[in-house]
Amino acid sequence: QVRLVESGGGLVQAGGSLTLSCAASGITVAPYMGWHRQAPGKERESVASMAANGITRYADSVEGRFTISRDNARNMVYLQMHSLNAEDTNVYYCKVVTINSVTYWGQGTQVTVSS
């Protein structure tokens, strides 16, 4: 059974930093691991992703401020977030796509940036 557990969300002041973690169990190395976020009333959007070969992609809004990394041996994916602003306030979701092209989502972790 595949399970994704996120951690690291919370309340931070504008300009501050947070690191999100996602632990994936029940899978082998996933071709895709990434982070999405969703604000109330808005569509879920991709924030950052990292393929198993290390290729990364970032949303324009976070480029240069966020860094995604993964530990394939531990099936972990991380999102370091710096220079946070109010627009980064969202629920952040870990997403994993397996080698069988099955998508799994974590339960989400709230990030709130206070101005």
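Note: the structure precedes this text.
Since the model is a prediction, treat every value here as computed from it, not as a measurement.

So, about the state of the cysteines. Within the structure shown, the criterion is met by one disulfide. One disulfide bridge connects C22 with C94, the sulfur atoms lying 2.1 Å from each other. Across the disulfide from C22 to C94, rotation about the S-S bond amounts to roughly -80°, and the bridge is consequently left-handed. Note that C22 is positioned in strand β3 (residues 18-25) and C94 in strand β9 (residues 90-97), a separation of 72 residues in sequence. No difference in accessibility class separates C22 from C94, as the two residues are buried.

This brings us to the side chain of S21. Residue placement: S21 occurs in strand β3. A relative accessible area of 16% places S21 in the buried class. Ignoring anything within four residues of it in the chain, the contact list for S21 reads V5, E6, S7, W35, M76, V77 and Y78.

Let's shift gears to the packing of aromatic side chains. Inspection of every chain in the model, using the stated rule, returns one aromatic pair. When the ring of Y93 is compared with that of W105, the centres are 6.5 Å apart and the planes differ by 85°; the resulting orientation is edge-to-face. In this pair, Y93 is assigned in strand β9 and W105 in strand β10 (residues 103-105), connecting sequence segments 12 residues apart. Using a relative accessible area of 14% as the deciding quantity, one classes Y93 as buried. By relative accessible area, which is 36% here, W105 ends up partly exposed. Just above the ring of Y93 sits the side chain of R44; from NZ or CZ to the centre is 3.6 Å.

Soluble globular proteins tend to pack their nonpolar side chains together in the buried interior. Counting 27 residues, the largest nonpolar core has W35, V47, F66, L79, M81 and Y92 as the members making the most contacts within it. Contributions of two or more residues to this core are made by β3, β4 (32-38), β5 (45-51), β7 (66-71), β8 (76-81), β9 and β11 (109-114). With four residues, β3 is the single largest residue contributor to this core. Ignoring anything within four residues of it in the chain, the contact list for M81 reads G16, S17, L18, L20, R65, F66, Y92 and V111.

In this section: the sheet that holds strand β1 (residues 3-7). In spatial order, the strands read β1-β3-β8-β7; together these four strands make up an open sheet with antiparallel pairing. For this open sheet the edge positions go to β1 and β7, each flanked by a neighbour on one side alone. Taken pair by pair, the neighbouring strands of this sheet meet at an average axis angle of 15°, ignoring direction. Bridge count for β1 against β3 is five bridges, and the pairing is antiparallel. Bridged to E6 within β3 is C22.

This part is about the side chain of E6. Following the sequence through the fold, E6 ends up in strand β1. Despite being buried, E6 has no salt bridge partner; R44 is the closest side chain of opposite charge, sitting 7.5 Å away. A polar side-chain atom of E6 sits 2.6 Å from the main-chain amide nitrogen of C94. A distance of 2.6 Å separates the side chain of E6 from the backbone nitrogen of G108, its partner in a polar contact. Those residues within four positions of E6 in sequence are excluded, and the remaining contacts are S21, C22, W35, Y92, Y93, C94, G106, Q107, G108 and T109.

What counts, and at which threshold
- Numbers given for residues are sequential positions, taken from 1 along each chain in its written order.
- Totals for whole chains, interfaces and linings use all residues, but because this is a predicted model, local features are given only for residues with pLDDT of at least 70 and pairs of side-chain atoms are given and counted only at 80 or more.
- Side-chain metrics rest on all non-hydrogen atoms present in the structure, leaving aside hydrogens and water.
- Disulfides are defined as cysteine sulfur pairs within 2.5 Å.
- Helix numbering and strand numbering both begin at the N terminus, where a helix is a DSSP run of H or I of at least 4 residues and a strand a DSSP run of E of at least 2.
- Working definition: with a 1.4 Å probe on protein chains only, accessible area under 20% of the residue-type maximum means buried, over 50% means exposed, and in between means partly exposed.
- By definition in these notes, contact holds between two residues if any of their heavy atoms fall within 4.5 Å.
- Note on aromatic contacts: the rings of Phe and Tyr and the six-membered ring of Trp form a pair at centre separations within 6.5 Å, being stacked when their planes are under 30 degrees apart, edge-to-face when over 60 apart, and tilted otherwise.
- Put simply, a charge is over a ring when the Lys NZ or the Arg CZ is close to the ring centre, within 6 Å, and near the line of the ring normal, within 35 degrees.
- Definition of nonpolar core: a set of buried residues of the types Ala, Val, Leu, Ile, Met, Phe, Trp, Tyr and Cys, connected through side-chain atoms within 4.5 Å.
- Here, any two strands with at least 2 DSSP bridges between them count as paired.
- Structural elements are reduced to axes, namely lines fitted to C-alpha atoms, with helices fitted over the stretch in contact, and the angle between N-to-C directions of any two is expressed from 0 to 180 degrees.
- Residues scored as positive are Lys and Arg, those scored as negative are Asp and Glu, and His as well as the terminal groups of each chain are ignored.
- In the sections that follow, a salt bridge refers to a side-chain nitrogen of Lys or Arg positioned within 4 Å of a carboxyl oxygen of Asp or Glu.
- For this analysis, a polar contact is any N or O atom pair within 3.5 Å, provided that within protein one partner can donate a hydrogen and the other can accept it, and provided that sequence-adjacent residues contribute only side-chain to side-chain pairs.

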